[in-house]
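Here is how the chains run, residue by residue.
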Amino acid sequence: MKFFIDTANLEEIKEAHSLGILDGVTTNPSLMAKAGIKGRENILKHYKKIADIVPGDVSAEVISTDFDGMIKEAMELAEIAPNIVIKIPMIKEGLKAIKYLSDQGIKTNCTLVFSSGQALLAAKAGATYVSPFIGRLDDISSEGMQLIADIRLIYDNYAYETKILAASIRHPMHIIESARIGADVVTTPLKPLLSLLNHPLTDKGLAKFLEDYRKSQE
Ligand code: E4P
């Protein structure tokens with residue numbers, strides 16, 4: 001399973017990258033705003049900075065909602081770096097744009113996916129990634145993980161190549177469950193990623209090893 005970091009914060013991206021296990025980055029307009037990036041030119045420059053830090057796929061989201069606008073933006077974003085992936089919302093115009101871009105060999109990430117029907121359409125259109133939002137489904141008392149399982153089943157039935165990118169991760173169990181089900185990628189904020197490191201028996205065991213070593217040196 002690949003690990004993407006879900007942030008536009010350069011320090012967090014650098015920290016995740018320093019672990020040596022980072023495969024890519026996802027952003028969205030809210031994450032860019034949270035990172036304090038304002039104005040179109042600055043947003044484009046920021047994508048370049050991210051793409052320079054991480055060699056893997058970096059999702060950059062369009063803000064147009066019509067086909068022509070999406071394609072114009074996509075072409076501009078794709079120029080920034082070879083590892084930029086165009087993130088497009090799952091709406092009718094977005095579906096057309098994904099099909100057009102995939103026919104041109106441009107990588108896409110179909111975002112804001114909340115049902116297996118939407119995921120099926122994304123795969124039919126040739127999306128490189130589909131992003132089901134687990135946490136936001138959990139937030140409204142739906143089962144986010146069940147959606148990942150349903151999409152895995154459907155994609156396997158037809159050998160669709162679209163990668164399942166589990167998004168809207170809230171905690172480490174979302175990552176573990178995604179791995180159990182067989183999601184291809186998980187995009188996570190830094191905190192759940194770092195939480196995977198933690199186990200009290202590791203800390204306890206290490207303290208004992210270090211103490212015993214220290215005693216053996218007296
Ligand atoms: C990433 O592709 C998504 O935009 C992101 O995971 C959404 O996460 P949120 O539901 O925490 O905003």
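In this report, we go over the structure that sits alongside the text. (Residues numbered from 1 in each chain as written. Predicted model: local features only at pLDDT ≥ 70, side-chain atom pairs only at ≥ 80, totals over all residues. Heavy atoms only, no water.)

Turning to the overall build of the protein, a few remarks are in order. Within the protein, the regular secondary structure consists of eleven helices and eight strands. Each principal axis of the C-alpha atoms in the protein carries an extent, and together these give about 75 × 40 × 30 Å. Considering the protein as a whole, with its 218 residues, one finds that 45% of them fall into the buried category. Taking contacts inside the protein between residues at least 6 apart in sequence as the whole, the part at least 24 apart equals 57%. Summed over all atoms, the accessible surface of the protein reaches about 11300 Å², with 55% contributed by carbon and sulfur. Charged side chains of the protein number 25 positive and 28 negative; the gap between the two group centres comes to 2 Å. (Helix = DSSP H or I, 4+ residues; strand = E, 2+ residues; numbered from the N terminus. Buried < 20%, exposed > 50% of the residue type's maximum accessible area, 1.4 Å probe, protein only. Contact = heavy atoms within 4.5 Å. Areas by Shrake-Rupley, 256 points an atom, 1.4 Å probe, with all protein chains shown as cover. Lys, Arg positive; Asp, Glu negative; His and termini not counted. Charge placed at Lys NZ, Arg CZ, Asp CG, Glu CD.)

Bringing the site of the ligand into the picture now. Near the ligand the following residues occur: Asp-6, Thr-26, Asn-28, Lys-87, Phe-133, Arg-136, Ala-167, Ser-168 and Arg-170. A distance of 2.5 Å is found between an oxygen atom of the ligand and a side-chain nitrogen or oxygen belonging to Asp-6. One of the side-chain nitrogen or oxygen atoms of Arg-136 is found 2.7 Å away from an oxygen atom of the ligand. Protein burial of the ligand: of its 350 Å² of free accessible surface, 85% is covered by the chains. For the ligand, the cavity whose grid points lie within 2 Å of the majority of its atoms is the largest pocket. Taken together, the residues of the shell around the ligand break down into two nonpolar, three polar and four charged. (Near = heavy atom within 4 Å. Polar contact = N/O pair within 3.5 Å; in protein donor to acceptor, adjacent residues only side chain to side chain. 1 Å grid on protein atoms, 1.4 Å probe; cavity = no way out; pocket = protein on both sides within 12 Å on 5 of 7 lines; lining within 4 Å. Sits in = over half its atoms within 2 Å of the grid points. Nonpolar A, V, L, I, M, F, W, Y, C, P; charged D, E, K, R; others polar.)

Right, let's get into the packing of aromatic side chains. Taken as a whole, this structure holds five aromatic pairs when the rule is applied. Ring geometry for Tyr-158 and Tyr-160: centres 5.9 Å apart, planes at 40 degrees, overall tilted. The structure contains a cluster of three or more aromatic residues connected by ring pairs, namely Tyr-155, Tyr-158 and Tyr-160. (Phe/Tyr/Trp six-rings, centres within 6.5 Å; stacked < 30°, edge-to-face > 60°.)

What follows deals with the pattern of salt bridges. Applying the stated criterion across every chain yields a total of 15 salt bridges. In this structure, a network of salt bridges that share partners links the residues Arg-40, Glu-73 and Glu-76. (Salt bridge = Lys/Arg side-chain N within 4 Å of Asp/Glu carboxyl O.)

Counting residues in each nonpolar core, the largest one holds 58 residues, and the members touching the most others are Leu-77, Ile-84 and Ile-86. What Ile-84 contacts, discounting residues up to four positions off in sequence, is Tyr-47, Ala-51, Val-58, Ala-60, Leu-77 and Ala-78. Formed by five residues, the second largest nonpolar core is a distinct cluster that contains Phe-4, Val-85, Tyr-129 and Val-185. (Core = buried A, V, L, I, M, F, W, Y, C linked by side-chain atoms within 4.5 Å.)

Turning our eyes to something else, we now look at a nonpolar patch on the surface. Together, Met-173, Ile-176 and Leu-196 line one region of the surface with nonpolar side chains, adding up to about 230 Å² of accessible area. Relative to the assigned elements, Met-173 resides in helix α9 (residues 172-181). (Patch = residues over 30% accessible without salt bridge, like charges linked within 9 Å, V, L, I, M, F, W, Y side chains within 5 Å.)

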